[in-house]
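Given next are the chains, with one letter for each unit.
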Amino acid sequence: MWQQLTPVDVVNGVDARMIEAEAALKAGNVTGWLAIHNALRAAPPKLGEIQPAAMAPLTDPGTDAARVSLQFREKAFWTFGRGQRLGDMRRLIKQYGRTEANTFPQGVHYKGGSYGHDVNLPVVTDERNNLLFNGCTDRLP
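Counting starts from 1 at the beginning of each chain's written sequence and moves along it residue by residue. Per-residue local features are limited, in this predicted model, to residues with pLDDT of at least 70; the limit for side-chain atom pairs, both in listing and counting, is 80 or more; totals at the level of whole chains, interfaces and linings are taken over all residues. Calculation of side-chain values draws on the structure's entire complement of heavy atoms; hydrogens and water are dropped beforehand.

**Student:** Where do I start with the overall build of the protein chain in this structure?
**Tutor:** When you go through the protein chain residue by residue, the secondary structure sums to 5 helices and 0 strands. When its helices and strands are written in sequence order, the protein chain yields α-α-α-α-α. Expressed along its principal axes, the backbone C-alpha trace of the protein chain runs to roughly 50 × 40 × 40 Å. Accessibility here uses a 1.4 Å probe with only protein chains present; expressed as a share of the type maximum, an area under 20% marks a residue as buried, one over 50% as exposed, and anything in between as partly exposed. Here the protein chain, with 141 residues, has 31% of them falling under the buried criterion. Taking as baseline every contact in the protein chain between residues at least 6 positions apart, the subset at least 24 positions apart corresponds to 48%. On the protein chain, roughly 9300 Å² of surface is accessible, and the fraction owed to carbon and sulfur atoms is 58%. Neither His nor the chain termini are counted; the positive set is Lys and Arg, and the negative set is Asp and Glu. By convention, charge coordinates are those of NZ in Lys, CZ in Arg, CG in Asp, or CD in Glu. Taking the average place of the 16 positive charges on the side chains of the protein chain and the average place of its 14 negative ones, the gap between the two points comes to 3 Å. A run of H or I in DSSP becomes a helix once it reaches four residues, and a run of E becomes a strand once it reaches two; helices and strands are each numbered from the N terminus. Note on contacts: a residue pair is in contact if any heavy atoms of the two residues lie within 4.5 Å. All accessibility values rest on the Shrake-Rupley procedure with a 1.4 Å probe; residue burial counts only the protein chains present in the view.

Structure follows, in structure tokens:
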């Protein structure tokens, strides 16, 4: 999808719509949540050099858990290739009560070997040695 010198947005308007959609969902505004997603699908913005085609509208899956799953699935498609998935998967565990087993891939990796159990990136030694560092050091799950 991306070439070596392809300019790629770190953030864009789609990211803002995903934040708005998740906020609407957390506030119980299912109609607004679905409207945000369906507006993006009806008139997809250009993503770098790629212009997605219009897509069929989503329908309400009917339960809170299924809506959260749909929110993060849809966001994963929109942000594909920009390295944003890990943070969302960790949030599914910490903020939405999912487990590692139903959030991260399990079993055999398609390129050989198996998926591991580490679900985050370690804090590098230089940062841990910084006396002013007080960030997240919990190693989920």
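And the narrative resumes.
**Student:** When you look at helix H3 (residues 64–78) in this model, what are you seeing that I'm missing?
**Tutor:** Given 3.6 residues per helical turn, the α-helix brings residues three or four places apart onto the same face. To estimate the expected span of a helix, subtract one from its residue number and multiply by 1.5 Å. An ideal rise of 1.5 Å per residue puts 21 Å on 15 residues; H3 measures up with 21 Å between its terminal C-alpha atoms. Taken together, the buried positions of H3 are occupied by Arg67, Val68, Leu70, Gln71, Phe72, Glu74, Lys75, Ala76 and Trp78. Contacts made by the buried residues of H3 are with helix H1 (13–26), helix H2 (30–42) and helix H4 (85–94).

**Student:** In this structure, what is going on with the packing of H1 against H2? I would like to understand it.
**Tutor:** Each pair of packed helices can be summarised by the angle the axes make with each other and by the distance between the axes. Geometry is summarised by axes, namely lines fitted to C-alpha atoms with helices restricted to the contacting stretch, and by angles between N-to-C directions that run from 0 to 180 degrees. Axis separation between H1 and H2 bottoms out at 8 Å; the angle between their running directions is 160°. Considered as vectors, H1 and H2 are oriented roughly antiparallel to each other. In the packing of H1 onto H2, the handedness of the crossing is left-handed. Of the residues in H2, those touching H1 at Val14, Arg17, Met18, Glu20, Ala21, Ala24 and Leu25 are Gly32, Trp33, Ile36, His37 and Leu40. Under this grouping Gly is polar, as are all residues other than the nonpolar Ala, Val, Leu, Ile, Met, Phe, Trp, Tyr, Cys and Pro and the charged Asp, Glu, Lys and Arg. For the contact of H1 with H2, a count of residues per class yields 8 nonpolar, 2 polar and 2 charged. In this scheme, roughly parallel covers angles under 35 degrees and roughly antiparallel covers those over 145, while 65 to 115 is roughly perpendicular and the rest are oblique. By definition, any crossing whose near helix is turned counterclockwise from its far helix by less than a right angle is left-handed, and any crossing with a clockwise turn is right-handed.

**Student:** Where do I start with the packing of aromatic side chains in this structure?
**Tutor:** Aromatic ring pairs are reported here in terms of the distance separating the ring centres and the angle at which the planes meet. Aromatic rings from Phe, Tyr and Trp, with only the six-membered ring used for Trp, were paired whenever their centres fell within 6.5 Å, and each pair was classed as stacked if the ring planes differed by under 30 degrees, edge-to-face if by over 60, and tilted otherwise. According to the stated counting rule, one finds 1 aromatic pair in the structure shown. A centroid spacing of 5.5 Å and a plane angle of 75° characterise the contact between Phe72 and Tyr96, whose relative ring orientation is edge-to-face. Linking Phe72 in helix H3 with Tyr96 in the loop between H4 and helix H5 (125–128), this pair joins segments that are 24 residues apart in sequence.

**Student:** Before we go on, may I ask you to explain the confidence of the model for the protein chain in this structure?
**Tutor:** One rule of thumb: low pLDDT means the predicted coordinates there are not for detailed reading. In the predicted model, the protein chain carries a mean pLDDT of 87, and the fraction of residues at 70 or more is 94%. The secondary structure element of the protein chain with the lowest average pLDDT is H5, at 81, and the one with the highest is H2, at 98. The pLDDT value expresses, per residue, how confident the predictor is, ranging between 0 and 100.

**Student:** How should the side chain of Lys75 be read in this particular structure?
**Tutor:** As for its position among the elements, Lys75 is in helix H3. Taking relative accessible area as the criterion, Lys75 reaches 12% and is therefore assigned buried. At a separation of 3.1 Å, a polar atom in the side chain of Lys75 contacts the side chain of Asp88. For Lys75, the contacting residues outside a window of four places in its chain are Met18, Asp88 and Arg91. Residues adjacent in sequence count toward polar contacts only when both atoms are side-chain atoms; beyond that, a polar contact is any pair of N or O atoms within 3.5 Å, and within protein one must be able to donate a hydrogen and the other to accept it.

**Student:** I tried to follow the pattern of salt bridges on my own but got confused; where do I start?
**Tutor:** Where side chains of opposite charge bring their charged atoms close, a pairing between them can arise. The salt bridge criterion pairs a side-chain nitrogen of Lys or Arg with a carboxyl oxygen of Asp or Glu, the two atoms within 4 Å. Scanning all chains against the criterion turns up 7 salt bridges. A salt bridge links Asp64 to Arg67, with the shortest nitrogen-to-oxygen separation between them at 3.0 Å. Within this pair, Asp64 and its partner Arg67 are both found in helix H3, separated by 3 residues, close to a single helical turn. By relative accessible area, Asp64 is classed as exposed at 57%. You can call Arg67 buried: its relative accessible area is 11%. For the salt bridge of Asp88 with Lys75, the shortest nitrogen-to-oxygen distance reads 3.1 Å. Here Asp88 is found in helix H4, whereas its partner Lys75 is found in helix H3, with 13 residues between them in sequence. Lys75 matches Asp88 in its accessibility class, with the two residues each being buried. Salt bridges sharing common partners tie together Glu22, Lys75, Asp88 and Arg91.

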